[in-house]
Structures are given as structure tokens and as C-alpha cells.
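Single-letter residue listing:
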Amino acid sequence: QVQLVESGGGLVQAGGSLRLSCVVSGRSFSTYTMGWFRQAPGKEREFVISWSGGNTLYADSAKGRFTISRDNDKNTVYLEMNSLKPEDTAGYYCAANTGVPRPYTSTWDYWGQGTQVTVSS
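Student: Would you explain the overall build of the chain in this entry?
Tutor: Regarding its fold elements, the chain presents zero helices and 11 strands. Counting from the amino terminus, the chain carries its helices and strands in the arrangement β-β-β-β-β-β-β-β-β-β-β. Across its three principal axes, the chain shows a C-alpha extent of roughly 40 × 25 × 25 Å. Looking at the chain as a whole, 43% of its 121 residues qualify as buried. Across the chain, the centroid of the 11 positively charged side chains sits 2 Å from that of the 10 negatively charged ones.

Below, the structure is given as C-alpha cells:
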């Protein structure tokens, strides 16, 4: 059973930064493709960023501001968010799968419970 637990969300002013963490249980972390999605109230969950085999896939909203990284020794993936905007306010969800990363929620196998990010103007 694979479990993902996010942390690091909170309230930040526009222009600020946050780093989210996602700890993944299980012994095969290094083989997983990891990604982050977000969901704002009343909206569908949307892709933010993913990392697989050294390649990063970005949503347009993340380019130039968000970075994904991972520490295989700690079974942890990070989302570094800079220059935050009020429209970045959402629940942020960590996701994992064993295949090619695609920006569609249906293609990911495992999900965390989410962590809330609120950006004030």
C-alpha cells in the first residue's frame, strides 16, 4: 500500500514563497513518477508539475515560478513555489504513478490528502 502525505501549506502574501513536501511510503519511491496537482473551490483538479527520469513537465501556470525536486533517501518530493499569486490559492495534492507522466488526473495511481495554500492579495 502506497501512502502519500503532504505538508507545508499555509497562508502567504502575494509575491511570497512556500515549499510543500510529500512523503511517500513504500520501498519503490525512486521508481515512481511524482507530480503535483491543485484544486480550487468549485474547479476541477488541475495538473501543476511532474518529474520523471530527470524530465520536468510544467503547466503554463507553473513555468518560471514553481520547481519540483525529490530526495530519494527521504522518500520525499518537494514543490517550491515562488512569486505566488492569489490565483494560486488551492488545495495542493501530491500524486504518484509508475508510468509516463501525463497532465490528467485519471492517469495517476496514488494521491495524498492535500494541503491548503492560500495567497492573500
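Student: Before we go on, may I ask you to explain the sheet that holds strand β7 (residues 66-71) in this structure?
Tutor: Sheet strands associate in pairs through backbone hydrogen bonding, adopting either a parallel or an antiparallel arrangement. With antiparallel pairing, four strands are arranged side by side in an open sheet as β1-β3-β8-β7. Because the sheet does not close on itself, it has two edges, and the strands there are β1 (4-7) and β7. The average undirected angle you get between the axes of adjacent strands in this sheet is 20 degrees.

Student: How should the pattern of salt bridges be read in this particular structure?
Tutor: Counting across every chain of the model gives four salt bridges. One salt bridge in this structure joins E46 and R38, with 2.7 Å as the shortest N-O distance. With its nearest N and O atoms 2.9 Å apart, the salt bridge here joins D88 to R38. In this pair, D88 sits in the loop between β8 (76-81) and β9 (90-97) while R38 sits in strand β4 (residues 33-39), placing the two residues 50 residues apart along the sequence. Among the residues examined, R38 registers a relative accessible area of 7% and is labelled buried. Beyond isolated ion pairs, a larger network of salt bridges with shared partners links R38, E46, R65 and D88.

Student: Where do I start with the nonpolar core in this structure?
Tutor: One recurring pattern in soluble globular proteins is that nonpolar side chains are buried together. The biggest cluster of nonpolar side chains holds 27 residues, and the ones touching the most others in it are M34, W36, M81 and Y92. For this core, the secondary-structure elements that each account for two or more residues are β3 (18-24), β4, β5 (46-52), β7, β8, β9 and β11 (115-120). Counting residues in hydrophobic clusters, the runner-up holds five residues, among them F47, A59, A95 and W108.

Student: Would you explain the layout of surface pockets in this entry?
Tutor: Counted as a void, the largest pocket has a volume near 150 Å³. What lines the largest pocket is R38, Q39, A40, K43, E44, R45, E46, E87, T89 and A90. Looking at side-chain class alone, the lining of the largest pocket contains two nonpolar, two polar and six charged residues.

Student: What is the right way to look at the packing of aromatic side chains in this model?
Tutor: The description of two aromatic rings rests on the distance between their centres and on the angle between their planes. Applying the stated criterion across every chain, the model contains four aromatic pairs. In textbook terms, an aromatic cluster arises when at least three aromatic residues are bridged by ring pairs, as seen for F37, F47, W108 and W111. Against the face of Y93 rests R45, its NZ or CZ located 3.6 Å from the ring centre. Geometry around W111 places R45 over its ring, the cationic atom sitting 4.9 Å from the centre.

Parameters at a glance
Each chain carries its own residue numbering, running from 1 in the written order of its sequence. Reporting of local features is limited, given that this is a predicted model, to residues whose pLDDT is at least 70; pairs of side-chain atoms are given and counted only at 80 or more, and all residues count toward the totals for whole chains, interfaces and linings. To obtain the side-chain values, all non-hydrogen atoms of the structure were used and water was disregarded. Going along the chain from the N terminus, every DSSP run of H or I of four or more residues is numbered as a helix, and every run of E of two or more is numbered as a strand. The cut-offs for exposure are 20% and 50% of the maximum accessible area for each residue type, with area from a 1.4 Å probe on protein chains only; residues under the lower value are buried, those over the upper are exposed, and the others partly exposed. Positive charges are assigned to Lys and Arg, negative charges to Asp and Glu, while His and the chain termini are left out of the count. By convention, the charge on Lys lies at NZ, on Arg at CZ, on Asp at CG and on Glu at CD. Pairing between strands requires that DSSP locate at least two bridges from one strand to the other. Only the stretch in contact is used when fitting a helix axis, every axis being a line fitted to C-alpha atoms; angles between N-to-C directions are given from 0 to 180 degrees. Salt-bridge detection follows one rule: a side-chain nitrogen of Lys or Arg within 4 Å of a carboxyl oxygen of Asp or Glu. The nonpolar core is taken to be a set of buried Ala, Val, Leu, Ile, Met, Phe, Trp, Tyr and Cys residues, with the residues joined through side-chain atoms within 4.5 Å. Using protein atoms alone on a 1 Å grid, points that fit a 1.4 Å probe yet trap it form a cavity, whereas open point sets bounded by protein on both sides within 12 Å along at least five of seven lines form a pocket; residues with an atom within 4 Å of a point count as lining. Grid points are joined across faces, edges and corners, and a volume is the space filled by probe spheres set on the points. Three categories are distinguished: nonpolar for Ala, Val, Leu, Ile, Met, Phe, Trp, Tyr, Cys and Pro, charged for Asp, Glu, Lys and Arg, and polar for the others, with Gly belonging to the last. Paired rings are identified among Phe, Tyr and Trp, the last through its six-membered ring, by centres lying within 6.5 Å, and are further divided according to the angle between planes into stacked (under 30 degrees), edge-to-face (over 60) and tilted (the rest). Definition used: whenever NZ (Lys) or CZ (Arg) falls within 6 Å of the ring centre and also within 35 degrees of the ring normal, the charge is taken to sit over that ring.

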